[in-house]
Amino acid sequence: MLSEYAEEILEALWIQIEEQGKKPLDLGPSRDEPAVEELVKLGYIRKDQGHIHLLEKGKAHALACVRRHRLAERLLTDVFDVKKKIIDEVSCKFEHLLHEGLEDRVCSILGHPKACPHGKPIPSGRCCSERKEKRTVKFIASLTELEAKEKGRIAYLQAKDNSQMQKLMSIGVLPGMAVSLLQKFPSYVISLGQSQFAIDKELASTIYVRLTK
Amino acid sequence: MKSMWKDFAKRIGYDDPLEIYLSRLESLMLSEYKISKRSMALLLLQQDRDILTMVEEKEKERINEIQKIIQEANAHYSQSLSLIISMRRQKEASRISAMATTFKQQDKFTISGLLSKIMMNPFTGGPILLIVLYYGLYKFVGSFGAGVLVDFLEDKVFGAYINPFMTNLVNSTIPFKLLQDLLVGEYGVITLGVRYAFAIILPIVATFFFAFAIVEDTGYLPRLAMLVDQLFKKIGLSGRAVIPLVLGFGCDTMATMVTRTLPTKRERIIATLLLALAIPCSAQMGVILALLKDSPLGLIVWLGVIILVFLIVGFLAAKIMPGELPTFYMEIPPLRMPQLTNILRKTAMRLKWYFLEILPLFIFASVLIWLGQITGVFSIVVKILNYPIKWIGLPSEASVAFLFGFFRRDYGAAGLYDLKKVGLLSANQLVVACITLTLFLPCIAQLLMNIKERGLRMGVAMSIFILFFSFSIGYLVNIILTLFSISL
């Protein structure tokens, strides 16, 4: 297994090169870091004067690291309710525990979130495409994955753009509101506060709910 | 001191960084605004476009700094600021309402709860819709409004009193034949335009609006909207569009005006097209039902073809039209007993609105008919119409009915009624004629409304499409009936 620091390096490389499309990482002070040597030896990265490059072989590992980090952030915000200020710090440590399929379990419990609390996309895993996991534990799920009669509080909204967000807010769909699903077909009917609303599947899929009994 | 307390009470506090951004923004806005600077600053942070342009104009020297603060504030938070602000307001609103309201323990079972469930269930919702349509539309509007009331007003009030009186008055005071025709001739402004508006349209739309207001007041419409949303998505509309489309069964012209309530331009165009093409208005339906009453099979074929056209044209329009896909979200209010005062007020309000917008169009139509007759344009158009009429297998006498159908949809159908009486039309021809006439160009009032609402180009393009399309469908139905030697 990779060392924690090596994982951090892979993650930073992937975000900088693949996600932001910027230049390779400056080697800087980590020149003599054993973690860098570890990655070079595995063939995940390549070193030249002053820069490290991400190699094909390292990409999949890097992607998995990013996924674990962002899932950890979601878990800590949505389930453990950790304060925003220390999220980064805690999730940096937490992510390294999410190995051996544990990250897929967390992903399922959270209802396969598509973005971290900062709005960055979470790379999808095997569990997201299979989607047939048994509903043993489920803390957070989008409205479309709930059964009729289930209820909870809105955890977060995953609106695709501002206009969709405005629509949700205009009917009072906001994080923290108590919501229960009354009906799923032919449209979604939810009870929110003292009112009922009918929404289509597309809007329903953007509402993630923290389930309560 | 007192004013400070007032401000304090009104004000919702936000977290420290946001408060700092707000006060920095407030201090940079030096001009006068209609609302408080704090509200302006809040709207700026939520990136309201109109407010941003306004501030850009009024604070030219400081706009760069203002924009910098807005960017900074947005970068500080991981969630969008409008969400953060809304959440804070929601919390405050909940706090205040919790102080002022208590909730009774609700009964698990209520009649209205059960009724609501039945209405929103896809299996029981359908039959309920049929019941509403049968009693509300067919019985009340069709039989009572378009039958009893129209007969009374048209034959008794206008036929026996107003028209003869006005004709005498005009003929004795105005010596010019041309002007006499314009006012009280066969298609005169008074004898046709005003009579049509008050003796035919008034009772039909009044009964329709009355029935519609009852249905509206119970809270049934949002439940219907949620039932049909998925089907409507296939034709490029959302469930919200049931309101104008149902209204179209009363009067398509009115319904076209109501398409304004649809959120996107794309939905408005598709709804306008479907109203013009495939939704027969109450006046038209009355005559068509009378025409086909001896031929139940013919009625079924008519209904089937119209529904098919509605779905296919909607489906194709949704495929072709660019633009934002519709979203559906609607509040489902609790069901309640309709209140008579509400219903009467709504009906009166709609009728007033309706007459202000539509009556001038009827007057205009009368003037057009008058012009068409004195210039001889009509006889030319009738000759041209003879060709497509023959293609769809109808006798040339039907051309007049079609031309008049354009000025008054039900008039066209009534013209067919005369042809049927003298035995010129077989059952097959009758069905083909009814289908074509239903699809055929909307009445002139609706054409003008289409142009008014959708613009000249779109209005005219739609009309040309409908003109060709209606005859093509008539032609097709005629061919199919002939090929399989079906006699209805």
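Residues numbered from 1 in each chain as written. Chains lettered and ligands numbered in written order. Predicted model: local features only at pLDDT ≥ 70, side-chain atom pairs only at ≥ 80, totals over all residues. Heavy atoms only, no water.

A. Local environment of the overall build of chain A. When helices and strands are counted, chain A shows 8 helices and 9 strands. Burial status across chain A gives 48% buried among its 213 residues. For chain A, the proportion of contacts with a sequence separation of at least 24, taken over those separated by at least 6, is 63%. By element, 54% of the accessible surface of chain A is carried by carbon and sulfur atoms, the whole surface being about 10,900 Å². Here chain A holds 34 positive side-chain charges and 30 negative ones, and the gap between their average locations is 7 Å. (Helix = DSSP H or I, 4+ residues; strand = E, 2+ residues; numbered from the N terminus. Buried < 20%, exposed > 50% of the residue type's maximum accessible area, 1.4 Å probe, protein only. Contact = heavy atoms within 4.5 Å. Areas by Shrake-Rupley, 256 points an atom, 1.4 Å probe, with all protein chains shown as cover. Lys, Arg positive; Asp, Glu negative; His and termini not counted. Charge placed at Lys NZ, Arg CZ, Asp CG, Glu CD.)

B. Looking closely at the nonpolar core. Counting 116 residues, the largest nonpolar core has L237(B), Y354(B), F402(B) and L416(B) as its most contacted members. Broken down by element, the residue count for this core peaks at 13 residues, all from helix α10 (residues 189-218) of chain B. The residues contacting Y354(B), other than those within four sequence positions of it, are I201(B), V205(B), F209(B), C251(B), M254(B), L359(B) and F362(B). Listed in part, the 26 residues of the second largest apolar core include I171(A), I207(A), L83(B) and Y329(B). (Core = buried A, V, L, I, M, F, W, Y, C linked by side-chain atoms within 4.5 Å.)

C. Up close: helix α14 (residues 265-278) of chain B. Residues and elements named next belong to chain B. Helix length check: α14 (14 residues) gives 20 Å between terminal C-alpha atoms against 20 Å at 1.5 Å per residue, within 8%. Counting buried positions over the 14 residues of α14 gives 12, a clear majority of the element. Along α14, the residues classified as buried are R266, E267, I269, I270, A271, T272, L273, L274, L275, A276, L277 and A278. (Expected span 1.5 Å × (residues − 1).)

D. Quick look at the interface of chain A and chain B. At the interface, 27 residues of chain A touch 24 residues of chain B. Carbon and sulfur atoms make up 59% of the area that chain A and chain B hide from each other, which totals about 2,400 Å². Inspection of the chain A/chain B interface yields 2 salt bridges. Along the contact surface separating chain A from chain B lie 9 residue pairs in polar contact (both at pLDDT 80 or more). Elements that contribute at least two residues to the side of chain A that touches chain B include exactly α7 (162-170) and β8 (195-199) of chain A. With 6 residues, α7(A) is the single largest residue contributor to the side of chain A that touches chain B. Across the side of chain A that touches chain B, the residue classes tally to 15 nonpolar, 9 polar and 3 charged. Note that β8(A) and strand β1 (residues 329-332) of chain B share 4 bridges and pair antiparallel. Residue pairing across strands places A198(A) opposite M330(B), the latter belonging to β1(B). (Buried area = accessible area lost by both parts, 1.4 Å probe. Salt bridge = Lys/Arg side-chain N within 4 Å of Asp/Glu carboxyl O. Polar contact = N/O pair within 3.5 Å; in protein donor to acceptor, adjacent residues only side chain to side chain. Nonpolar A, V, L, I, M, F, W, Y, C, P; charged D, E, K, R; others polar. Pairing = 2+ DSSP bridges.)

E. Expanded view of the pairing of strand β9 (residues 207-212) of chain A. All names here are of chain A. The pairing of strand β4 (residues 140-142) with β9 spans 3 bridges and is classified as antiparallel. When the sheet's bridge partners are listed, S142 is paired in β9 with Y208. One ladder, built from 6 bridges, connects strand β5 (residues 151-157) with β9; its direction is antiparallel. By the bridge assignment for β9, L157 is matched with I207.

F. Seen up close, the sheet that holds strand β2 (residues 45-48) of chain A. Residue and element names in this part refer to chain A. Taken together, 3 strands build an open sheet; the order of strands is β1-β3-β2 and the sheet is antiparallel. Each edge of the open sheet is held by one strand with a lone partner, namely β1 (25-26) and β2. As paired elements, β1 and strand β3 (residues 51-54) share 2 bridges and run antiparallel to each other. Paired with L25 across the two strands is I52, which belongs to β3.

G. Here's a closer look at the environment of L361(B). All names here are of chain B. Note that L361 resides in helix α17 (residues 340-375). Spatially, the C-alpha atom of L361 lies 8.9 Å from that of Q446, the residues being 85 residues apart in sequence. Once you skip the residues sitting within four places of it in the chain, L361 turns out to touch A445 and L448.

H. Local environment of unusual backbone geometry. Residues and elements named next belong to chain A. For the peptide bond that leads from F185 to P186, omega is 0°, which places it in the cis range. Note on placement: P186 falls in the loop between β6 (178-183) and β7 (188-192). Despite not being glycine, H112 has its phi angle at roughly 50°, a positive value. When you line up the elements, H112 lands in the loop between α5 (102-109) and α6 (126-130). Here H112 falls in the buried class, since its relative accessible area comes to 2%.

I. The arrangement of a nonpolar patch on the surface in detail. Residue and element names in this part refer to chain B. Residues Y387, W391, Y475, L476, I479, I480, L483, F484 and I486 make up a contiguous nonpolar surface patch of about 1,000 Å² in total accessible area. Listed by contribution, the elements that provide at least two residues to the nonpolar patch are α18 (377-391) and α23 (456-483). With 5 residues, α23 is the largest single contributor of residues to the nonpolar patch. Counting through the fold element by element, W391 comes out in helix α18. (Patch = residues over 30% accessible without salt bridge, like charges linked within 9 Å, V, L, I, M, F, W, Y side chains within 5 Å.)

J. Just the sheet that holds β1(B), in detail. Strand order across the open sheet formed by 7 strands is β4(A)-β9(A)-β5(A)-β6(A)-β7(A)-β8(A)-β1(B), with antiparallel pairing between neighbours. Edge positions in the sheet fall to β4 of chain A together with β1 of chain B, since each of these pairs with one other strand and no more. Strand-to-strand twist of the sheet, defined as the mean angle between neighbouring strand axes without regard to direction, takes the value 40°. (Axes fitted to C-alpha atoms, helices over the stretch in contact; angles between N-to-C directions.)

K. Summary view of the environment of G125(B). Residues and elements named next belong to chain B. Along the polypeptide, G125 turns up in helix α8 (residues 122-173). Sequence-wise, G125 and L224 are 99 residues apart; in three dimensions their C-alpha atoms are separated by 7.8 Å. For G125, the residues in contact, after removing those within four places along its chain, are I118, M119, Y220 and L227.

L. Representation of the confidence of the model for chain B in the model. Overall, the predicted model of chain B reaches an average pLDDT of 87, with 97% of residues at or above 70. In the model output, the complex is listed with pTM 0.81 alongside ipTM 0.82. (pLDDT = per-residue confidence, 0-100.)

M. Focus on the pattern of salt bridges. Residue and element names in this part refer to chain B. A full pass over the atoms with the stated rule returns 26 salt bridges over all chains. The shortest N-O distance in the salt bridge between E216 and K346 comes to 3.6 Å. Here K346 lies in helix α17 and E216 lies in helix α10, a separation of 130 residues in the sequence. The partly exposed category is assigned to K346, whose relative accessible area is 23%. Three or more residues are tied together by salt bridges with common partners; here these are E216, D217, R336, K346 and R350.

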